[in-house]
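As a plain string of letters, each chain reads:
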Amino acid sequence: LQALIDEAFRYKTRFQNRDGQGIGFAPDVCIPGSNLTPYCYDPGQIEEIQARIDCLLHIHQNFYEDLDTNDANRRAARVKLDEYLQVNFSFDQEFVPGRILPINHDGFERQLAQLLIMLGDDAFTKAFASRFDLAASNTASFEGELFEEGGINLSGVAGFEMVSLYQAAQYYQMILDRFYRQSTVVWDALGYAGEDRNFVTAETVVNYFDRVVRASTQKATAWSKIAERYQALGEPDLARKVAERAYAATYLESVVMSRMMLRVVEASEAADRAQIRKAVEDAQLRYGTALLDMRKVHSAIDDNITIFGFEPDFVPFPALDSEDFRQSNAFEVFLLRARPKVQFAREREELALNSNREFETNQAQFQSELNQIRLNFEGQLGDLCGTFIADDNRVYPAIKKYAHLSQRATVLGDPCGQMGNGQIHEAYAAFDELALDARQLEIQQENVIEEVEIERARVSGLCRETLEAADFLYGKCTKASPSFEDFIDLDNLNPFDVETDADAGCIQAQINDLQSDIRTSQFGINRIQSITGAAVSAAATPLSASFILAASAVGEVGVSILEGQINATENAIADLERSKMLWQTENECDMAKVESEARTATILLRLKELELEGLRLEHRTRLAISALERLRHQAQKIQLDQQETEQLTINVQAAHNNPNVRIYKNDAIINAEIAFDDAIREVYKLTKVFEYYTSTSYANKNDLFLTRMIARGDKNLENYLIELENTFFEFEGDFGHPEQRVHIVSLKDDILAIPHTDENGRALNDLERTELMRERLTDPSLLDKTGTLTMPFGTNLEQVSPLTYNHKILHVEADVFGNDLGDFVGRVYVRQKGTGVIRAVDATKQFYRFDERTAVVNTIFSGVRFFQLSSYYQNFRHRDRPFVNTHWELGINQRTEQVNEDINLQSLSDIRLYIYYTDLTVD
């Protein structure tokens, strides 16, 4: 359990820098065998951490009581388990001296959820950004039959878009799946409110549950877009099935999340409940919005084929109420609407392109810069510490950072200099040579001592006395050196008679014992062997901190002391040289004694030379230790510099590409898509208006289906709009402006068609015909379900001039004639609901079926306009609809239209409709 927790803690800040900041962009997947992507995530490691946490949750749920014992180790493990799970589902705070605010380290569950959301958002955004791919470089095959029953297969750009949308939905679903697998443990933990066993806190709701809700609602959005794509591809049944399935899943997820968070409220302290309730309300609002959007998508699914969301025969009619029909028409009105929408879409498109380009470029530059930093520093570390081939057959510098990649390096802990190569290893190897030199000095010293013993035995045998080498005295004058005259007696010419007494003369000024000298020399050799031996041992195993400190302590001071000792020894050797000469001239004793003394002096001279070499060897050893320590310090400094440099680079990138910047980038692309859809729909409507207004077909309309961008590419929306506008101006140049006409429709003559003769063929006068009209108005069959008197009629091409074309309604007026009409206000209904007919400029007939539309017309009474404002009587509701229509209706409502209650229908003599229309005259 301890190992599980420790290993899980090791990864707790996997996706954060040391300041607790999320890096802000989804890093690349680590490529096996590659070092070119320094900042990446390893799915295998993530799955390993997930398995460890699942194991900890299993222990918490099923074996928690086993840890609740008197055993100190088990109690400590239980405390650590509680602490880790609490952090795992929330965050940990680190208080750093010098910082005002603590550093928050997100728990693994939030980090994982955030990573998957980022990957899902990336995939979701790619589906929209594919519109920018004019070169069609992003293509994919989508095997839809494997995803949906009755699914369709796609390829190319359309396949890439669908693959990206399904991939986004799967990323979001991964978060929910993990939450569901853990939900039973979380639910059980909430049952221990107020106890340490409950690891679910208010921070869990704010930090982790919030990410789960985000994943759920984003998944709903992704499925909505998938349903829209299926609808656009002419698969309404498939679109409807996807939308319904996703709607049910989102609704159930909203119930589960709300219930889970409400249970947290029940298990929380009173001080935390307000925030949790607010989080529940926010979640419900987000779910409500997602469900509403899905209902809109579902309701928009139509079994009929649609073009940009419109039926093929759709013709839009803007609200036109201008009195001067020449000032504006439907095309010009839609043109004024389309232009700003296209401009707005272009601005959003530019923002999205720049944002996406900058983001992708920054990410690539960041990875490249981080890789260069790694190559630079780790190249230096490889030269110093050496390298090794890891278990994955990749070459790494021998440093702690990569020690876990090799079994041998893991055992060493810090493999720097211990892997058989590198400058530090070579520095270790130098100690082997020093050890050999030390051994050589030791042998030479032993040989000198043996020679002294041999000489003592030889002289003792010759002189029949024991030559006590330890009593042999030699010295250096402490007074001024004797002159030539001091050594030569001019009287007897005996140069060796000067100070022959052993207790007198310059040589007695300072004495040194032979045995003492030998012991001193032996001590020096032993000291050298100790230093070099320790260094050689260090070369075989990692240097201990105590040895490095000891070597460092004597390294600097010892070198200077050794240099002084070397100088002193050199002076001693010079004194021995003088003593040797003195011994040769001092006495005329027995030749054997003299010869022995000379030989012994010579031997002692060699001993001093060996001592000098020993001191020099010690000096070299201490310099080697200092050089080794310098290399190790250099390696440590490079590693620290690399960490600092990488961290600074990551911090700069984190500030530039934090999660908010990512959201801005994604939103910029999604918003650009929304604006583009709106603009292209408006231009499509403009095209349909152009075709309807001119009664022609626009030849370049198919270009609209190839248009993918506002201002870029061969087929872009701005160029299309310019060409359409120019074509309209050319049409006006060829046919001129439309002329205004009027057609009068009489209730008595045209709508009710009161005959002019009776059954016997007798001509009826106007009063008789009026009475017949009034009688007809009492017919109950003329009443509709609302009680409105409704009388149908029609218009036809015979009622217009044969030289005119393209007959469109301008406005309608109504005049009521009678003698008991009440006040000056009345209203009639003029409804158009049949099939419209347009005679085109090429003399062909075009038929249109529009939605029913009713105009409420303020009436004129007996030709008198009681209100000066002429627009009061003009109704433009039918403007630009075909004048010729198979089914019109005139309605008189006296049941609920109060202004008509004072009109006596039995006093009517007629009602006339003035239908003003426009047409074109073609020569």
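Residues numbered from 1 in each chain as written. Predicted model: local features only at pLDDT ≥ 70, side-chain atom pairs only at ≥ 80, totals over all residues. Heavy atoms only, no water.

A. Seen up close, the overall build of the protein. Tallying secondary structure elements over the protein gives 20 helices and 20 strands in all. Expressed as a percentage of the 923 residues in the protein, the buried residues total 48%. Summarising the internal contacts of the protein: among those between residues at least 6 apart in sequence, 77% fall at separations of at least 24. In the form shown here, the protein has an accessible surface area of approximately 45,300 Å², with 51% of it arising from carbon and sulfur atoms. (Helix = DSSP H or I, 4+ residues; strand = E, 2+ residues; numbered from the N terminus. Buried < 20%, exposed > 50% of the residue type's maximum accessible area, 1.4 Å probe, protein only. Contact = heavy atoms within 4.5 Å. Areas by Shrake-Rupley, 256 points an atom, 1.4 Å probe, with all protein chains shown as cover.)

B. Quick look at the packing of aromatic side chains. Applying the stated criterion across every chain, the model contains 28 aromatic pairs. A ring pair is formed by Tyr848 and Phe850, whose centres lie 5.6 Å apart and whose planes are at 5 degrees; its orientation type is stacked. Both residues of the pair, Tyr848 and Phe850, belong to the buried class. When the ring of Phe867 is compared with that of Tyr873, the centres are 6.4 Å apart and the planes differ by 40 degrees; the resulting orientation is tilted. Residue Phe867 is classed as partly exposed on the basis of its relative accessible area, which comes to 35%. Classification of Tyr873 as buried rests on a relative accessible area of 1%. By way of ring pairs, the aromatic residues Phe331, Phe690, Tyr693, Tyr698, Tyr720, Phe728 and Phe729 are connected into one cluster. Sitting over the ring of Trp187, Arg263 keeps its end group 4.2 Å from the ring centre. (Phe/Tyr/Trp six-rings, centres within 6.5 Å; stacked < 30°, edge-to-face > 60°. Lys NZ or Arg CZ within 6 Å of the ring centre and 35° of its normal.)

C. Examining the sheet that holds strand E15 (residues 835-839) more closely. One open sheet accounts for 3 strands, arranged E16-E15-E18; its pairing is antiparallel. Single-partner strands in this sheet number two, and they are strand E16 (845-849) and strand E18 (884-885). Strand direction decides the pairing type here: E15 and E16, joined by 5 bridges, are antiparallel. The residue of E16 that forms the bridge with Val837 is Phe847. (Pairing = 2+ DSSP bridges.)

D. Representation of empty space enclosed by the protein within the structure. If you walk through the whole model with that rule in mind, you get 6 cavities of 30 Å³ or more. Here the second largest cavity is characterised by a volume of approximately 60 Å³. Along the walls of the second largest cavity sit Val816, Gly826, Arg827, Val828, Thr859, Ile892, Asn900, Ile903, Leu905, Leu908 and Ile911, which together make up its complete lining. Breaking the lining of the second largest cavity down by element, the ones donating at least two residues are strand E14 (827-832) and strand E20 (908-921). For the lining of the second largest cavity, the per-class residue count stands at 7 nonpolar, 3 polar and 1 charged. (1 Å grid on protein atoms, 1.4 Å probe; cavity = no way out; pocket = protein on both sides within 12 Å on 5 of 7 lines; lining within 4 Å. Points joined across faces, edges and corners; volume = space filled by probe spheres on them. Nonpolar A, V, L, I, M, F, W, Y, C, P; charged D, E, K, R; others polar.)

E. Region of interest: the state of the cysteines. Following the criterion strictly, the structure yields 1 disulfide and no others. Paired by a disulfide, Cys385 and Cys416 hold their sulfur atoms 2.0 Å apart. Because the sign of the S-S torsion sets the handedness, a value of about -70 degrees for the bond joining Cys385 and Cys416 places this disulfide among the left-handed ones. Taken together, the residues Cys385 in helix H10 (residues 330-385) and Cys416 in the loop between helix H11 (407-412) and helix H12 (423-463) connect sequence positions 31 residues apart. Across the pair, exposure class does not vary: Cys385 and Cys416 are buried alike. (Disulfide = S-S within 2.5 Å.)

F. Broad picture of the layout of surface pockets. Empty space within the second largest pocket amounts to approximately 1,600 Å³. If you go around the second largest pocket, you meet 39 residues; those closest to its centre are Glu228, Arg229, Ala232, Phe308 and Asp677. Residues belonging to the lining of the second largest pocket are distributed by class as follows: 22 nonpolar, 5 polar and 12 charged.

G. Summary view of the nonpolar core. Counting 84 residues, the largest nonpolar core has Phe199, Phe209 and Tyr230 as the members making the most contacts within it. Contact partners of Tyr230, with chain neighbours within four places excluded, come to Phe142, Glu148, Ile152, Met162, Tyr166, Glu235, Leu238, Ala239 and Val242. With 36 residues, the next largest nonpolar core counts Val800, Val816, Val828 and Trp888 among its residues. (Core = buried A, V, L, I, M, F, W, Y, C linked by side-chain atoms within 4.5 Å.)

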